[in-house]
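Listed here are the chains, written in short residue letters.
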Amino acid sequence: MSLFHGHKAIKVPQNITAWDIDPYSKEVLLDPETFFSALRERGPFVYLNKYKMLACGRYKETKAVFSDHQRFVSSRGVGIQDFKLEKPWRPPSLVLEVDPPKHTRNRRFLTKALSPNKIAQLKDFFKNCADELINELLQKKEIDGILDLAEIFPTRVFPEAVGLKKIDKETLLGYGAMVFNALGPDNEFRKDAMAKGLSVLEKINKQCLEENISAKGLAKEIYRSTAEHFEEDELAGMLVRSLLSAGIDTTVSAIGNLLWCFAKNPEQFQLVKDDKSLVGNAVEESLRLTSPVKAFCRTSAVETEVSGIAIEEGTKILCVLGSANTDPEMWDNPYKYDVTRRTIGHLALGIGVHNCVGQTLARAEITALTMSLVERVKTIRPAGIAAWKPNNAMRSLESLPIILEK
Ligand code: OVV
């Protein structure tokens, strides 16, 4: 079989639109909402001529594919490359890129290390760090919401919470850019991220070793709980690698996107200031509206069918979470940032057995920061044009000039 962008080139199924759009092009990455609407309008699935694979963006099918880990597997990779047919750029993740029963067993170690009880103990630490950072930023006239805030907060609190001894912000952000851009085709964004590669990889791999993990912190817990599985010498290290892969870019992007929501919708920020019990929902609503992880792929392990569309074995399906989260069939006035909206059911953290295992930690960080903002900041005003950063899987900002008024 000849490979096409690392996977099997499937034929156009019946009753489906074949579309020339490139979801990984700069135009789409910079203006995803136009793409989302067009994708949903074309039907339950579209065929992407450029990649000879399927994509879905309606809530119903995106949820159906994501919820069914048996028919739509992760072990063949969650980007456009099929790991059954082509060697991946790094050893596959022991959680993201495996199926049950292995997945069930490996994920349990992370669930335990990241349990609500463990995260609750970090709450004060996160809040104190958030207060300190916001106080610092209130001294400045104008800030960049990304460089001065979104990138700073997680890279300050996460390494300490996890117990990472030697890691710097650039390495963490560089690795995140590689991991997420690697999910797309070998375009300029993937090439750029990979170009920084080797030294970042070396540092990340070193950081995962037990000798570089502090006695306190969540990573040590992973080493402890996997200790009896000593015959698999890389188990704990690989699970720690998952924390480093999925724990930074995601929260940086979520915080940047939340600031963007607040800056564009001052009345919503005021609503949360007036009623602090809305903080949690304001965070959820920003996750729904901006879906920091825009899309993941699944691969069909069998010949099957969804919503009447025939799907060949080995079909890559781009599941556009950001589009499902703005489907008007599911959400009223979907592109409106509304902190009072009922946000239950959004797919920003996935659904099914692979749903985000770090979500309690992510929410604890983002909620602490949001609480600090609504307590300390009077208004968040735009001070220039927000610039998006093209990425094959994430939706995140490059810069966000804002003024935080005391
Ligand atoms: C990009 C990503 C998301 C979730 C998990 C991982 C990576 C991993 O490496 O396990």
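Look a little higher up for the structure.
*Asks:* So what exactly am I meant to see when it comes to the packing of helix 9 (residues 169-181) against helix 11 (residues 197-207) here?
*Replies:* Two quantities define a packed helix pair, namely the angle between the helix axes and the distance between the axes. Running from N to C, helix 9 and helix 11 point in directions that differ by 110°, and their axes come no closer than 9 Å. What the angle tells us is that helix 9 and helix 11 run roughly perpendicular. With respect to the hand of their crossing, helix 9 and helix 11 are arranged in left-handed fashion. Taken together, the residues of helix 11 that come into contact with helix 9 (itself represented by Thr171, Gly174, Tyr175 and Met178) are Gly197, Val200, Leu201, Lys203 and Ile204.

*Asks:* I keep staring at the nonpolar core and nothing clicks. Help me out?
*Replies:* In terms of nonpolar packing, the biggest core is built from 109 residues, with Phe45, Leu149, Ile317 and Ile380 touching the most fellow members. Take this core: its biggest share by element is 9 residues, from helix 14 (residues 249-264). Setting aside its immediate chain neighbours within four residues, Ile317 contacts Phe45, Leu54, Cys56, Val65, Phe72, Phe296, Cys297, Arg298 and Ile311.

*Asks:* Is there a simple way to explain the site of the ligand in this structure?
*Replies:* Taken together, Arg90, Ser93, Val95, Leu96, Val179, Phe180, Ser242, Ser245 and Ala246 make up all the residues around the ligand. A distance of 2.6 Å separates an oxygen atom of the ligand from a polar side-chain atom of Ser93. At a separation of 3.4 Å, an oxygen atom of the ligand approaches a polar side-chain atom of Ser245. Alone, the ligand offers 290 Å² of accessible surface; in the complex the protein occludes 90% of this. Of all elements in the fold, only helix 9 and helix 13 (235-246) reach the threshold of two or more residues within the shell around the ligand. Broken down by element, the residue count for the shell around the ligand peaks at 3 residues, all from helix 13. When its residues are assigned to classes, the shell around the ligand shows 5 nonpolar, 3 polar and 1 charged.

Cut-offs applied
- Residues numbered from 1 in each chain as written.
- Predicted model: local features only at pLDDT ≥ 70, side-chain atom pairs only at ≥ 80, totals over all residues.
- Heavy atoms only, no water.
- Axes fitted to C-alpha atoms, helices over the stretch in contact; angles between N-to-C directions.
- Helix = DSSP H or I, 4+ residues; strand = E, 2+ residues; numbered from the N terminus.
- Parallel < 35°, antiparallel > 145°, perpendicular 65-115°, else oblique.
- Left-handed = near helix turned anticlockwise from the far one by under 90°.
- Contact = heavy atoms within 4.5 Å.
- Core = buried A, V, L, I, M, F, W, Y, C linked by side-chain atoms within 4.5 Å.
- Buried < 20%, exposed > 50% of the residue type's maximum accessible area, 1.4 Å probe, protein only.
- Near = heavy atom within 4 Å.
- Polar contact = N/O pair within 3.5 Å; in protein donor to acceptor, adjacent residues only side chain to side chain.
- Areas by Shrake-Rupley, 256 points an atom, 1.4 Å probe, with all protein chains shown as cover.
- Nonpolar A, V, L, I, M, F, W, Y, C, P; charged D, E, K, R; others polar.

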